[in-house]
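The lines below spell out each chain.
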Amino acid sequence: MDHIAVRTKKLSKSYTQGLYALDDISIQVDHGKVLVVMGPSGSGKSTLIRTFNGLEPFDEGEVNVLGIQIDSTYDERKIRKIRKRVGMVFQQFNLFPHLSILENITLAPIQVQKRRPIEAEEHAMHLLSQMGIATHSSKYPSQLSGGEQQRVAIARALALKPELLLFDEPTSALDPERVNEVLDVMRRLAKQGMTMVVVTHEVAFAKEVADQVLFMDAGKVIETSTPDLFFSNAQHERSRRFLNQIEKK
Amino acid sequence: MKQFNKLYFQLALLAAVFILLAILINNLTINLSRAGLEFSFSWLYRPASFALAEHPLPYSPSDSYAWALFMGWLNSLKVIIVSLFLATCIGVFMGLARTSNNTILNFTSAIYITIIRQTPLLLQLMFWYFVAFLGLRDNTFTPLKGILSISNQGIELLGLNLSSEFSALLFGLSVFAGAYIAEVVRGGILSVSTGQWEAFRSLGLPESSGLYKIIIPQALPAIIPGLTSQYLNLAKNSTLAIAVGYSDIYAVNDTVINQTGRAVESFIILLVSFLILNLIITNGMEIINRMTLNTNKYQ
Ligand SMILES: Nc1ncnc2c1ncn2[C@@H]1O[C@H](COP(=O)(O)OP(=O)(O)OP(=O)(O)O)[C@@H](O)[C@H]1O
Ligand SMILES: [Mg+2]
């Protein structure tokens, strides 16, 4: 048990009767590993990783995150415990537009972890300089480029010293020339041993960083394998069709 | 720069109103004097010789009409200010309840908003006065002994006596405006993207501090204009005081007209009183608006 960061058992969810967004999903992510989740639009990737920090309630099965078990009875207390230890990065960044970059990052450490403001600010500045954007600390989100905003969002998630990071298509809203500045940060995090679950269609990134690739379609896990195997010799016809399509782009 | 323009505009508007009034008054004076009546405000200094049930400052029937009218204006101001406060509390609470995931809260506020908005205010005021307060007859209702007691004489709260007329008007106006304010608040909250909720939740912030620190600051720019117009409505609706026998400016004015026959002068006084009241509210809200825009530097 100790080596498992995330485990789901027979996890199911449907928004509309008979249509499953998640269909009997049982997966496992070990500590220090990177899982890349791929699949066509609407296959349930976002829904899946959002169950990991309780943003998405589900109907059946169970989810165990960092040893905390949740089920279909939405237990607020447990979910808040999980959220304090899990960071999440969104496609649309979701920075707080009315707060400065520094305030965006220090908000949760001060409010949730009750850290001293000075200490939280020092930590935030340290994270920002690691992201190469320390000079922007007193600006507001709208004054930054997309790539810079996403790096702030990563710094904000890291400020709580999480044991697990969730990424939902972190580079999909970025200009192509801005994608790598975010992926570089993520590569570095993976090298440092951060446990990550990443929904992305960046094949090069997945090949380099992922320990496992999970392919989903219509709420089901079609296959799970190593990136080497998946990208050279996918087992299922559905996976091969998907890979063909994203290679054409 | 923009603020100065606004101030000049308001001053110009006031000046225009006064010039227009001057012209009208001039015409009136000529016509009235032809009919043997003199247009003048000198009667304001004559004793009013009627009693007022409520007066925030010392008043007796031997005081002047001017003083009686001023008491009416203060009574209006008093009920408007307290109602604005209470209506805002009710509206914010109900608006938040309407957007919450809690089924009971959500349902309760939906019912409240629907019922209040579908019935006339006059009817609601009658209900508060004749049913809620006078309906108590000889019973005294004491929810908190020594702190709060309610009877047909009104409300006694920590030694503070509120007449049943004032209380009925206060509750009527506040509950009515509260329903509209709730809708304004709900609209403002819904204007904030769901991504902001997800972001604060995934940082482990509790709902209450997320609302306070993240959602409400972003909802305010959308809420304040709607709130201002609800406040102005409330102020204007306060003239329904006469229905429950509360001596507001309109009610006192009514008595004055009956006694003196000075309808034209009295209506001018009424007009100016409300102009001043509403300018106070609009400018107050403008200051609040500027404060929230200053803390929202992201535009
Ligand atoms: N709030 C919702 N209400 C109803 N159906 C929804 C809702 N959110 C998602 N769905 C449905 O659930 C399914 C899975 O959606 P999800 O967002 O998880 O897909 P995804 O794999 O992340 O897609 P994308 O690549 O477009 O982000 C889709 O069929 C979607 O239409
Ligand atoms: Mg998605």
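Here the structure is a predicted model, which is why all the values come from computation and not from measurement.

Analysis parameters
Residues numbered from 1 in each chain as written. Chains lettered and ligands numbered in written order. Predicted model: local features only at pLDDT ≥ 70, side-chain atom pairs only at ≥ 80, totals over all residues. Heavy atoms only, no water. Contact = heavy atoms within 4.5 Å. Salt bridge = Lys/Arg side-chain N within 4 Å of Asp/Glu carboxyl O. Helix = DSSP H or I, 4+ residues; strand = E, 2+ residues; numbered from the N terminus. Nonpolar A, V, L, I, M, F, W, Y, C, P; charged D, E, K, R; others polar. Near = heavy atom within 4 Å. Polar contact = N/O pair within 3.5 Å; in protein donor to acceptor, adjacent residues only side chain to side chain. Pairing = 2+ DSSP bridges. Buried < 20%, exposed > 50% of the residue type's maximum accessible area, 1.4 Å probe, protein only. Domains from an automatic or database assignment. Buried area = accessible area lost by both parts, 1.4 Å probe.

## Let's talk about the interface of chain B and chain A
At step 1: Of the residues lining the interface, 20 residues belong to chain B; the matching set on chain A comes to 22 residues.
At step 2: Arg50 of chain A is the salt-bridge partner of Glu198 of chain B, the closest N and O atoms lying 2.9 Å from each other.
At step 3: At the level of secondary structure, the elements contributing two or more residues to the side of chain B that touches chain A comprise helix 6 (194-202) and helix 7 (207-237) of chain B.
At step 4: Looking at the side of chain B that touches chain A, its residues break down into eight nonpolar, eight polar and four charged.

## Side note on the site of ligand 1
Residue and element names in this part refer to chain A.
At step 1: All residues in the neighbourhood of ligand 1 are listed as Tyr15, Ala21, Pro40, Ser41, Gly42, Ser43, Gly44, Lys45, Ser46, Thr47 and Glu169.
At step 2: Note that a nitrogen atom of ligand 1 is positioned 3.3 Å from one of the side-chain N or O atoms of Tyr15.
At step 3: Here the shell around ligand 1 is built from residues that sort into three nonpolar, six polar and two charged.

## Considering the pairing of strand 11 (residues 220-225) of chain A
Residue and element names in this part refer to chain A.
At step 1: Taken together, the five bridges between strand 10 (residues 212-217) and strand 11 define a ladder with antiparallel strand orientation. Looking at strand 11, one finds that Met216 is bridged to Val221.
At step 2: Connecting strand 10 to the antiparallel partner strand 11 that follows it, the hairpin turn spans two residues, and Ala218 within it adopts a positive phi of roughly 50°.

## Thoughts on helix 6 of chain B
At step 1: Counting buried positions along helix 6 of chain B gives eight out of nine residues, so the element sits mostly inside the fold.
At step 2: Taken together, the buried positions of helix 6 of chain B are occupied by Gly195, Gln196, Trp197, Glu198, Ala199, Phe200, Arg201 and Ser202 of chain B.
At step 3: Looking at the buried side of helix 6 of chain B, the elements it contacts are helix 1 (45-52), helix 2 (76-85), strand 7 (86-89) and helix 5 (146-158) of chain A together with helix 5 (164-190) and helix 7 of chain B.

## Focus on the environment of Pro143 of chain B
At step 1: Within the secondary structure, Pro143 of chain B is located in strand 1 (residues 141-144).
At step 2: As a C-alpha pair, Pro143 of chain B and Ala179 of chain B span 36 residues in sequence and 25 Å in three-dimensional space.

## Details of the domain arrangement of chain A
All names here are of chain A.
At step 1: We note that the domain assignment places domain 1 (1-83 + 165-249) and domain 2 (86-162) within chain A.
At step 2: For domain 1 and domain 2, the distance between their C-alpha centroids amounts to 24 Å.
At step 3: Counting from both sides, the interface comprises 25 residues of domain 1 and, opposite them, 20 residues of domain 2.
At step 4: In this assembly, domain 1 packs against domain 2 so that about 1900 Å² is buried in total across both faces, 66% of it on carbon and sulfur atoms.
At step 5: Looking only at domain 1, the three residues that lose the most surface to domain 2 are Leu165, Leu166 and Val185, adding up to 22% of its buried area.
At step 6: Note that Glu181 and Arg151 form a salt bridge whose closest N and O atoms lie 2.8 Å from each other.
At step 7: If you look at where domain 1 meets domain 2, you find nine residue pairs in polar contact (both at pLDDT 80 or more).
At step 8: Counting only elements with at least two residues in the side of domain 1 that touches domain 2, the list comes to helix 1, helix 2, strand 8 (164-168) and helix 6 (179-191).
At step 9: No other element matches the six residues that helix 6 contributes to the side of domain 1 that touches domain 2.
At step 10: The class makeup of the residues in the side of domain 1 that touches domain 2 is 16 nonpolar, two polar and seven charged.

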